[in-house]
Amino acid sequence: MTTSTRSHKVQKVLERMGKKLNRQMFGSLVACVHCGMCTEACHYVLANPDDPTYAPAYKADRIRKFFRRHYDGLNLGRFFPWWVKARSLYTDEELEELKDIVFGKCTNCRRCSVNCPMGVDYATFNRMARGLLVSVGIMPEGVAHVSKDQWEIGNQMGVLKEDYLETLEWMSEELQDELGDPNAAIPIDKKNVEIMYTINPREVKYDPRSIADAAKIFYAAQESWMMPSEGWDMTNFGLFSGDDDLGGAVARRVYEKAVELGVKKIVMSECGHGYRSTRCEGPNWAKTDVAVEMESSVLTMLRYVKEGRIKVDKTRNTESYTFHDSCNNARSCGLFEEPRELLNLVVSDFREMYPNRAENFCCTGGGGAMSMSEYTPERLKSGKIKAEQLKATGADTVVTSCHNCVDGLTDLIKHYELGIKVTQLVTLVANALVIEKKEPASKE
Amino acid sequence: MEMSPLLHFVEHPLQLGCKVFMLSIYAYRLIHLFSYMAGGERQAPTGPPGTTRAKGVVYSWANIVMPWAMESTRKKPFYYIQFVIFHLGMVAVIGLTFIIPYGPGLLNSVGLVWVLQVMMAAACAVGLYRLYYRISSKHMRAISTPDDYFSLSLLIVLFLVGVLAAPNNIVQGEGALLTFFFMTAFFLVYVPFSKIMHYLYYPFTRYYFGKTMGYRGIYPVRRGYK
Ligand code: SF4
Ligand code: SF4
């Protein structure tokens, strides 16, 4: 690797690539046969049929070309680069171009990966490429801001501790009023309980009602639970930025808090990337085995209904509903049956969306796309596929177990004027809850 | 009639030498692949009960004979048929490179010769169509390299020559056999550096992908049918 003609950043990217590669990524980088089978799996391609630069293999080749030049053993790319279109990187401008591809033209949804006959997992090495760029400070502005907030303030929306605690207090009061029970408060930092409930900071900032809904369900189930004053953000921008150090640090905060407070289980509110990061990737990034059990609140709520700990009346949710699978839940964590099971228990009119589960299309807000405003026009255009999917269901409301998808879908619905509402399971379950009113107890 | 020394050379020592060369490069490639650490999963498994790493791997490997398993093959049965025909042609060509030198007696069966010829001719036709598709589709052009065009062209010609060489009839001249074996010799040397060596990695990429997807409950794929 000659250094003289390369910028310092390029030099670092190429050096670090060798350290980031693992066997799976190496396999994915060498095994593509350019068959094009993945092309139509990608929502960007389907929405831009005349632009081949959106094809997953084309995008993957922007990374593959320098991989072939430097890390592909005896490949012709090392000796006759033009033969396999291999080319090294030299300038910062090239890194900027790469940034627009890996952040702006792919949501890491993994739909192409599950459609590749060779088992090439492009989304995984696209994330690696993001991480390489982030390591030299090249990233969309939004990614830089959010990452900074998550490093420094401890959550990705920069919510201050006092604001978070104030919101919990406010929601406690609302709940007490609604239930007429002064004991119906949100416990904070209570030790040795069963459940530590962790959330997406978006809930504090824009959707505090979802916290109150969850609290109402825990109350109805008579759960021993609490919310921590720190380590409450189960989202993780490391998943989107490809920064495993950030990913590990954020996940560790949650795990350590749970251990410190002696809880039995960490329950994560409905958030696809949060669930994937904390439940499925965090232990690997943090290089730690987590002693505490973890589950999605979808599973918790479903268990409550099945065990008879809460009673629900599905006639209270009167509209027609469809379900959108978050890519992170469905294609990276296998969470797709339980939300449907729960949904069918709390609504009467459920209409399946096609394709679904691991074959579902991205809401277009995945991979951190909602924080990268410079790519909004492309994102909204690529949402055409999702919009058509939604429209075909004829449902009034789309339900999703992901806060990111709530935002992504809301944006699309507005853009394509679909007039569909977006909600989450927690809201529907809380609405369907049958709680026998207790005799008002006096506040002690 | 005895074969010429040249034909003997290309059928035997040359093939053997090239095979040894190919295997050495393959060995190097696998050592290189395994020099990278495999990414592991520390978390507890996720997904529906009954999904496991092992089931994921088996499902992933079996994917090749389950065109319904992926949307990409399910929606494009014509592509899947092309894939099958093309690779059966490869089996015929590879088989022929062993039958002619080591079991020529088998080719006394006109039936077997016909089967091999049909397999290779069909693969040749599919190859020509794939080449046309690669050139005519802008999406395919965008992802194609000179190696993609050359490898495909090489195989198309090899299938064609294979059809001519299959009867193994030196009475009518050695041209077809010499061309076939010179081509296979070149093929053996070229393949380890080209896209054609994807089959070397295939079991591993599918193994690791299946392992991950099985552990996380995505494989075997479940979908709500319409
Ligand atoms: S389907 Fe797989 S092998 Fe074919 S072009 Fe796409 S990534 Fe490459
Ligand atoms: S991961 Fe998703 S968005 Fe990215 S190329 Fe593949 S299908 Fe397209």
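Parameters at a glance
Residues numbered from 1 in each chain as written. Chains lettered and ligands numbered in written order. Predicted model: local features only at pLDDT ≥ 70, side-chain atom pairs only at ≥ 80, totals over all residues. Heavy atoms only, no water. Helix = DSSP H or I, 4+ residues; strand = E, 2+ residues; numbered from the N terminus. Rg over C-alpha atoms; globule rule 2.2 N^0.38 Å. Buried < 20%, exposed > 50% of the residue type's maximum accessible area, 1.4 Å probe, protein only. Contact = heavy atoms within 4.5 Å. Areas by Shrake-Rupley, 256 points an atom, 1.4 Å probe, with all protein chains shown as cover. 1 Å grid on protein atoms, 1.4 Å probe; cavity = no way out; pocket = protein on both sides within 12 Å on 5 of 7 lines; lining within 4 Å. Points joined across faces, edges and corners; volume = space filled by probe spheres on them. Nonpolar A, V, L, I, M, F, W, Y, C, P; charged D, E, K, R; others polar. Buried area = accessible area lost by both parts, 1.4 Å probe. Salt bridge = Lys/Arg side-chain N within 4 Å of Asp/Glu carboxyl O. Polar contact = N/O pair within 3.5 Å; in protein donor to acceptor, adjacent residues only side chain to side chain. Domains from an automatic or database assignment. Near = heavy atom within 4 Å. Sits in = over half its atoms within 2 Å of the grid points. Phe/Tyr/Trp six-rings, centres within 6.5 Å; stacked < 30°, edge-to-face > 60°.

### Overview of the overall build of chain A
Turning to step 1, where the next piece is worked out: Assigned secondary structure in chain A consists of 21 helices and eight strands.
Turning to step 2, where the next piece is worked out: Since a compact globule built from 444 residues should have a radius of gyration of about 22 Å, the 23 Å found for chain A is in line with a globular shape.
Turning to step 3, where the next piece is worked out: Within chain A, the proportion of its 444 residues that are buried is 66%.
Turning to step 4, where the next piece is worked out: Residue pairs in contact within chain A that sit at least 24 positions apart in sequence constitute 79% of those at least 6 positions apart.
Turning to step 5, where the next piece is worked out: On chain A, roughly 16000 Å² of surface is accessible, and the fraction owed to carbon and sulfur atoms is 49%.

### Some remarks on empty space enclosed by the protein
Turning to step 1, where the next piece is worked out: Tallied over the full model, the rule gives five cavities of 30 Å³ or more.
Turning to step 2, where the next piece is worked out: Around the largest cavity sit 18 residues that line it, and C32, C38, A57, C116 and V120 of chain A are the ones nearest its centre.
Turning to step 3, where the next piece is worked out: In this structure, the second largest cavity is lined by 13 residues; those nearest its centre are R68 and V84 of chain A together with D147, S194 and K195 of chain B.
Turning to step 4, where the next piece is worked out: Residues of the lining of the second largest cavity, tallied by class, amount to five nonpolar, four polar and four charged.

### Observations concerning the interface of chain B and chain A
Many structure descriptions define interface size as the accessible area lost when the parts assemble.
Turning to step 1, where the next piece is worked out: On the chain A side, the residues contacting the 62 residues of chain B number 69 residues.
Turning to step 2, where the next piece is worked out: Overall, the association of chain B and chain A removes approximately 5800 Å² of surface from exposure, summing both partners, and the carbon and sulfur fraction of that is 58%.
Turning to step 3, where the next piece is worked out: On inspection of chain B and its partner chain A, the count reaches eight salt bridges.
Turning to step 4, where the next piece is worked out: Here chain B and chain A share 31 residue pairs in polar contact (both at pLDDT 80 or more) between them.
Turning to step 5, where the next piece is worked out: Counting residues per element, the ones that place at least two in the side of chain B that touches chain A are helix 2 (13-34), helix 4 (71-74), helix 6 (110-136), helix 7 (138-143), helix 8 (146-165) and helix 10 (198-215) of chain B.
Turning to step 6, where the next piece is worked out: Considering every element that reaches the side of chain B that touches chain A, the biggest residue donor is helix 10 of chain B, with nine residues.

### What to know about the domain arrangement of chain A
All names here are of chain A.
Turning to step 1, where the next piece is worked out: What the domain assignment reports for chain A is domain 1 (3-139), domain 2 (149-306) and domain 3 (314-432).
Turning to step 2, where the next piece is worked out: When each unit is reduced to the centre of its C-alpha atoms, the spacing between domain 2 and domain 3 is 22 Å.
Turning to step 3, where the next piece is worked out: Listed by partner, the interface residues are 27 residues for domain 2 and 27 residues for domain 3.
Turning to step 4, where the next piece is worked out: Carbon and sulfur atoms make up 66% of the surface buried where domain 2 meets domain 3, a total of about 2300 Å² over both sides.
Turning to step 5, where the next piece is worked out: Between domain 2 and domain 3 we count two salt bridges in total.
Turning to step 6, where the next piece is worked out: The closest approach of N and O atoms between D407 and R202, which form a salt bridge, is 2.9 Å.
Turning to step 7, where the next piece is worked out: Within the residue set of the side of domain 2 that touches domain 3, elements represented by two or more residues are helix 10 (201-205), helix 11 (209-220), helix 12 (238-241), helix 14 (272-285) and helix 15 (297-306).
Turning to step 8, where the next piece is worked out: Counting residues per element, the side of domain 2 that touches domain 3 draws most heavily on helix 15, which supplies six residues.
Turning to step 9, where the next piece is worked out: When the residues that make up the side of domain 2 that touches domain 3 are grouped by side-chain class, the tally is 13 nonpolar, six polar and eight charged.

### A word on the pattern of salt bridges
Turning to step 1, where the next piece is worked out: Under the defined criterion, the tally for this structure stands at 44 salt bridges over all chains.
Turning to step 2, where the next piece is worked out: Among the ionic pairs, R111 of chain A bridges to E71 of chain B, the shortest N-O distance being 2.5 Å. In this pair, R111 of chain A sits in the loop between helix 6 (92-102) and helix 7 (122-135) while E71 of chain B sits in helix 4, so the two residues belong to two different chains.
Turning to step 3, where the next piece is worked out: E388 of chain A is the partner of K384 of chain A in a salt bridge, and the nearest nitrogen-oxygen pair spans 3.5 Å. A residue pair is termed a helical-turn pair when its members lie 3 or 4 positions apart in one helix, as K384 of chain A and E388 of chain A do in helix 19 (residues 384-393) at four residues.
Turning to step 4, where the next piece is worked out: You can call E388 of chain A partly exposed: its relative accessible area is 45%.
Turning to step 5, where the next piece is worked out: Ionic contacts of the salt-bridge type, sharing partners, join the residues D325, E337, R340, E352 and R357 of chain A together with R222 of chain B into one network.

### Digging into the site of ligand 1
Turning to step 1, where the next piece is worked out: What surrounds ligand 1 is the set C32, V33, H34, C35, G36, M37, C38, A57, C116, P117, M118 and V120 of chain A.
Turning to step 2, where the next piece is worked out: Most atoms of ligand 1, that is more than half of them, are within 2 Å of grid points of the largest cavity.

### Focus: the packing of aromatic side chains
All names here are of chain A.
Turning to step 1, where the next piece is worked out: One pass over the structure, following the stated rule, counts 29 aromatic pairs over all chains.
Turning to step 2, where the next piece is worked out: When the ring of Y122 is compared with that of F125, the centres are 5.4 Å apart and the planes differ by 65 degrees; the resulting orientation is edge-to-face. Placement of both Y122 and F125 in helix 7 is noted, with a separation of three residues, approximately one turn of the helix.
Turning to step 3, where the next piece is worked out: Of the residues examined, Y122 reaches a relative accessible area of 4% and is grouped as buried.

### A closer look at the site of ligand 2
Residues and elements named next belong to chain A.
Turning to step 1, where the next piece is worked out: Contacts to ligand 2 come from 13 residues, most closely from C42, C106, C109, R110 and C112.
Turning to step 2, where the next piece is worked out: The set of elements that each furnish at least two residues to the shell around ligand 2 consists of helix 3 (43-47) and helix 4 (56-70).
Turning to step 3, where the next piece is worked out: For the shell around ligand 2, the per-class residue count stands at seven nonpolar, three polar and three charged.

### Points about the environment of D325 of chain A
All names here are of chain A.
Turning to step 1, where the next piece is worked out: Mapped onto the elements, D325 comes out in the loop between strand 5 (320-324) and helix 16 (327-332).
Turning to step 2, where the next piece is worked out: The buried category is assigned to D325, whose relative accessible area is 1%.
Turning to step 3, where the next piece is worked out: Through-space distance from the C-alpha of D325 to that of R357 is 5.9 Å; in sequence the pair is 32 residues apart.
Turning to step 4, where the next piece is worked out: Discounting chain neighbours no more than four positions away, the residues touching D325 are A330, L335, F336, R340, N356, R357 and N360.

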